[in-house]
Amino acid sequence: MKVTVNTPKGSLKDFAANAAAEAAGNVIDFLADTGERAVEDMRLKGSYVDRSGNLRSSTGYVVAVNGEVVRSGGFAPVSAGGVPGAARGKAYAESIVSRYPDKTVLILVAGMEYAEYVQDKGFNVTMSGELLAERLLSSLAAKPERP
């Protein structure tokens, strides 16, 4: 019995390329949603007194693919005094991206230079958001969707 292929050449390659692009877009969407949720959690559960508004304003995330930022969020001033913090947070997150030239990454930050000091004193600056992100990401890895 003779088998005849009626599929135009390149159709399978196009299908595979489209499927890969759709999957990559879904990963980016999931990472960005995780970042949004983590930043919201960090801002709501931050257990420190943010006198200037800079520390809370410096919280945010970036999603980067192959060393290029494709999504970002947070980094919004929570008060008039928080404008410098928002700018510092975004700049800090973007400076970290270059460490991951061949990966897809979600980077969560509190971009003020004293953020780590505040967290080391026992205050929640980024920890609740980091834990939420880890939980969301591990649930995805543990239960992949099946068609």
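Described below are features of the structure shown in this document. Only a predicted model underlies this, so the values are computations on that prediction, with no experimental measurement involved.

1. Digging into helix α3 (residues 83-97)
Reasoning step 1: Here α3 contains 15 residues, and its C-alpha end-to-end distance of 22 Å stays within 8% of the 21 Å for a straight helix at 1.5 Å per residue.
Reasoning step 2: Of all the residues in α3, the buried ones are Gly85, Ala86, Gly89, Ala93, Ile96 and Val97. Buried residues in α3, looked at end-on, bunch into an arc of 120°, giving them a common side.
Reasoning step 3: Structurally, α3 contributes buried residues whose contacts are with α2 (54-57), β1 (59-65), β2 (68-74) and β3 (104-110).

2. Let's talk about the pairing of β1
Reasoning step 1: Counting buried positions along β1 gives 6 out of 7 residues, so the element sits mostly inside the fold.
Reasoning step 2: The pairing of β1 with β2 spans 6 bridges and is classified as antiparallel. Of the residues in β2, the one forming a bridge with Val62 is Ser72.

3. Here we look at the pattern of salt bridges
Reasoning step 1: Summed over the entire model, instances satisfying the criterion amount to 3 salt bridges.
Reasoning step 2: Arg71 is the partner of Asp29 in a salt bridge, and the nearest nitrogen-oxygen pair spans 2.5 Å. Of the two residues, Asp29 is situated in helix α1 (residues 11-45) and Arg71 in strand β2; the sequence distance between them amounts to 42 residues.
Reasoning step 3: The partly exposed category is assigned to Asp29, whose relative accessible area is 39%.

Reading the values: the criteria
- Residues numbered from 1 in each chain as written.
- Predicted model: local features only at pLDDT ≥ 70, side-chain atom pairs only at ≥ 80, totals over all residues.
- Heavy atoms only, no water.
- Helix = DSSP H or I, 4+ residues; strand = E, 2+ residues; numbered from the N terminus.
- Expected span 1.5 Å × (residues − 1).
- Buried < 20%, exposed > 50% of the residue type's maximum accessible area, 1.4 Å probe, protein only.
- Arc of directions from axis to C-beta.
- Contact = heavy atoms within 4.5 Å.
- Pairing = 2+ DSSP bridges.
- Salt bridge = Lys/Arg side-chain N within 4 Å of Asp/Glu carboxyl O.

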